[in-house]
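Residue-level listing of the chains:
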Amino acid sequence: MATGVRAFLGIDCGTQSTKAILIDSENVDVLAVGRAPHELIEHADGTREQEPTWWIKALKDAVADTLHRSGRTVQVAGIGVSGQQHGLVCLDAGNRPIRAAKLWNDTTTSDDCALLTDRLGGPSGVLALTGNLFLPGYTAPKVSWLLRNESGTYRRAERFCLPHDFINLWLTGEFATEPGDASGTAYFDVRRREYSSQVLTAIDPARNWEASLPPVGASLAILGHLRPEAAEALGLPAGIPVSAGGGDNMCAAIGSGAVSAGPVVVSLGTSGTVFAYRPEPAVDPEGEAAAFCSSTDGWLPLACTLNVTVATDWIRTILALDHAGFEGALTESAPGADGLTFLPYLGGERTPNRPHAAGIFAGLRARHGRSELIRAVVEGVTFGLAYAVEALVRTGVQVSTITLVGGGAASNAWGQICADIFGVLVERPALHEAAALGAALQVRHVVDGAPLSLTVAVIERWEPRRDPALEAAAARATRLRRFPIEGGGS
């Protein structure tokens, strides 16, 4: 493809699928979006895993789909990669995966979080070392889990990396990472922007960690170039520059405009995220908000909740509703769900850290029907996100307006609920696949020197409304959060 529309390719390897997006290099118009699904390995003990080879197959399929959908000849000028954070990829000497990758939503590692925290002087000691506590989703406790539970596999593993690192390795042959995604490992010091030798020693004092982990380079840089074998598999020319990329939240921050202090972004996806750019390290003194680096050479304080559209899709499926039916029922529902409250911990929770907690309906009465069930679930999820916003405020972030992104943001009724619960103006921009778009914008910036941010039209705005029934529901949710129960079979 020596001629044609000059474009940049952004790739996002998520939990459910890999997405690819082509943007015009001049006007950033979206030329095409393609995707390919992933399988998921899950067990009742909290195991959540995927084979890294599935990501490569999905990458090939998604890129092929995107190129086909573009309907034109395209000259790809650069590739950027976004990947689901925290996943542990174990490689042998030939850079081949030797087991399935443990994912961000795997909750089997809670014992290892406690073990590492104890070794490093308790929560205050851990926060002083890295800026982040050990949470089950992070990479450090996954490595500890592997050492304790699969010692043979641990010894065979020559290298450990993250999902986006693995995809970059396949694309370029370069074993490297950048501070944004690396800061989600919990063995990375976000203040110094380097690996923490103390944490790594606490995991395994005998291991050669310098040889085991990818070197950390700048985020806004070319990591390598598309190698011939990968180029042939993708139907692209060899030698295309590949930027450093980043974690999915870091790339979503670029795609949604959080590249300077100001915007606060709330993502209504499978999980929920709340984040904002900061020009300096931003650490939550209670450790609930993650003190991540951005993939733009800054910092990105972020709080994550595990159950957002996973909870709304769950109740929608139980009630046998399509998306239009769900939206209609939510629109007709009353604030406060007539006294029904839902704690959405269907898969445990991360903010607050309750890996084994279960979901709860409280205040259920015979008079409650479909409308109240739906309203309670959506409010419960949103109260959880409001709790996450409070954690972000402790890092120094000021919240005046919220940008709403993710699949759940398509719901107008949910957008109004967000404004009412957050108590600030909520805006929905016209965005396509924020993480994949952010990866494409990053490589465009690196290759062409173009701005990282772009002006995106706001297509919906919701002003906050005060409602006593909703305020009462918020109080009930707060009380319920204090006394979660653990689910059976976990």
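Before reading on, note that the structure itself is shown above.
Residues numbered from 1 in each chain as written. Predicted model: local features only at pLDDT ≥ 70, side-chain atom pairs only at ≥ 80, totals over all residues. Heavy atoms only, no water.

A.B. asks: With reference to specific residues and values, describe the pattern of salt bridges.
C.D. replies: Enumeration according to the criterion identifies 25 salt bridges in this entry. A salt bridge links Lys102 to Asp106; its shortest N-O distance comes to 3.0 Å. Here Lys102 and Asp106 have matching classes, each one buried. A salt bridge links Glu460 to Arg428; its shortest N-O distance comes to 3.8 Å. In this pair, Glu460 is assigned in strand E23 (residues 458-462) and Arg428 in strand E22 (residues 425-429), connecting sequence segments 32 residues apart. Overall, Glu460 belongs to the partly exposed group, its relative accessible area being 28%. Assessed through its relative accessible area of 11%, Arg428 is described here as buried. Where salt bridges share partners, they join Glu49, Arg99, Lys102, Asp106 and Glu150 into one cluster. (Salt bridge = Lys/Arg side-chain N within 4 Å of Asp/Glu carboxyl O. Buried < 20%, exposed > 50% of the residue type's maximum accessible area, 1.4 Å probe, protein only. Helix = DSSP H or I, 4+ residues; strand = E, 2+ residues; numbered from the N terminus.)

A.B. asks: Can you explain the pairing of strand E17 (residues 290-293)? Please cite residues and give values.
C.D. replies: Looking along a regular strand, one sees side chains alternate from face to face of the sheet. In E17, alternate side chains face the same way, and those of Ala290 and Phe292 on one face and Ala291 and Cys293 on the other are all buried. Direction of pairing for E17 relative to strand E18 (residues 299-305): antiparallel, over a ladder of four bridges. Looking across to E18, one finds that Phe292 is bridged to Leu300. Two successive antiparallel strands, E17 and E18, enclose a turn made up of five residues, where Asp297 displays a positive phi of approximately 70°. (Pairing = 2+ DSSP bridges.)

A.B. asks: Can you explain the packing of aromatic side chains? Please cite residues and give values.
C.D. replies: One pass over the full model with this rule turns up nine aromatic pairs. Note on Trp55 and Phe166: the rings are 6.4 Å apart at their centroids and 65° apart in plane angle, and the pair reads as edge-to-face. With Trp55 in helix H1 (residues 52-70) and Phe166 in helix H6 (residues 163-172), this pair connects stretches of sequence that are 111 residues apart. Neither residue differs from the other here; Trp55 and Phe166 are each classed as buried. Judged by centre distance (5.9 Å) and plane angle (15°), the rings of Trp314 and Phe342 are stacked. Pair noted here: Trp314 is in helix H12 (residues 309-318) and Phe342 is in strand E19 (residues 341-343), with a separation of 28 residues, a long-range link. Given the relative accessible area of 31%, Trp314 is considered partly exposed. Note on Phe342: relative accessible area 4%, which makes it buried. (Phe/Tyr/Trp six-rings, centres within 6.5 Å; stacked < 30°, edge-to-face > 60°.)

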